[in-house]
Amino acid sequence: SEVADKFIVPPAEIVRFEATPATVNPGESVTLRWEALNAFSLSIAPAIGQVATRGNRTLAPATTTTYTLTVTGSADEERVDDSHYKGIIAVKFGP
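The paragraphs below set out a description of the structure included in this document. Model, not experiment: these values are computed from the prediction.

About the cut-offs
Residues numbered from 1 in each chain as written. Predicted model: local features only at pLDDT ≥ 70, side-chain atom pairs only at ≥ 80, totals over all residues. Heavy atoms only, no water. Helix = DSSP H or I, 4+ residues; strand = E, 2+ residues; numbered from the N terminus. Buried < 20%, exposed > 50% of the residue type's maximum accessible area, 1.4 Å probe, protein only. Contact = heavy atoms within 4.5 Å. Pairing = 2+ DSSP bridges. Core = buried A, V, L, I, M, F, W, Y, C linked by side-chain atoms within 4.5 Å. Salt bridge = Lys/Arg side-chain N within 4 Å of Asp/Glu carboxyl O.

Time to look at the overall build of the chain. Scanning the chain for helices and strands turns up 0 helices and 8 strands. Secondary structure elements in the chain, listed N-terminal to C-terminal, are β-β-β-β-β-β-β-β. By the burial criterion, 33% of the 95 residues in the chain qualify as buried. Taking all contacts inside the chain whose residues are at least 6 apart in sequence as the whole, residues at least 24 apart take part in 53%.

Of the strand pairs in this sheet, strand 4 (residues 39–45) and strand 7 (residues 65–73) are connected by 6 bridges, and their pairing is antiparallel. From the neighbouring strand, Leu42 faces strand 7, where its bridge partner is Val71. Bridging between strand 4 and strand 5 (residues 49–51) involves 3 bridges; their strand directions are antiparallel. When the bridges of strand 5 are listed, Ile44 appears paired with Gly49. The antiparallel hairpin formed by strand 4 and strand 5 contains 3 residues in its connecting segment, where Ala47 sits at a positive phi of about 70°.

Another aspect to go through is the nonpolar core. Looking at soluble globular proteins, one finds that nonpolar side chains tend to be buried together. Among the nonpolar cores identified, the biggest contains 19 residues, and Leu32, Trp34, Leu42, Ile44, Tyr67, Leu69 and Val71 are the most heavily contacted of them. Elements represented by at least two residues in this core include exactly strand 1 (13–20), strand 3 (30–37), strand 4 and strand 7. Here the element with the most residues in this core is strand 3; it accounts for 4 residues.

Tallying each qualifying case throughout the model produces 2 salt bridges. Residue Arg16 pairs with Glu18 through a salt bridge whose shortest N-O separation is 3.5 Å. Its relative accessible area of 33% is what places Arg16 among the partly exposed residues. For Glu35, the salt bridge goes to Arg54, with nearest N and O atoms at 3.0 Å. You can see Glu35 sitting in strand 3 and its partner Arg54 sitting in strand 6 (residues 54–59), a full 19 residues away along the chain. Residue classification places Arg54 among the exposed positions, given a relative accessible area of 58%.

Turning our eyes to something else, we now look at the environment of Arg33. Checked against the element boundaries, Arg33 lands in strand 3. On the basis of relative accessible area, Arg33 is assigned to the partly exposed category, the value being 29%. Along the chain, Arg33 and Ala19 lie 14 residues apart, while their C-alpha atoms are 6.4 Å from each other. Setting aside residues no more than four positions away along its own chain, Arg33 makes contact with Arg16, Phe17, Glu18, Thr20, Gly55 and Asn56.

The following block contains the structure:
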């Protein structure tokens, strides 16, 4: 049957998206770490772009910055309204 020929693909999922430390002073660095499962593509905004399904990046933001990890599943369906498909973290300046 037609249904038997289709594969059931698990949805993409963000396993981890974090910033260490979450608060920095001007001139200090922060490390973003991420991992996703069953993803076709991942991108981090602002200014980072396409990334692998697992990785890290050390940055020195100039001001308080909100980073967004967006995951597109294997069906090429981006679900930005679903927490499994979009992660948001803020790196803040201050004490």
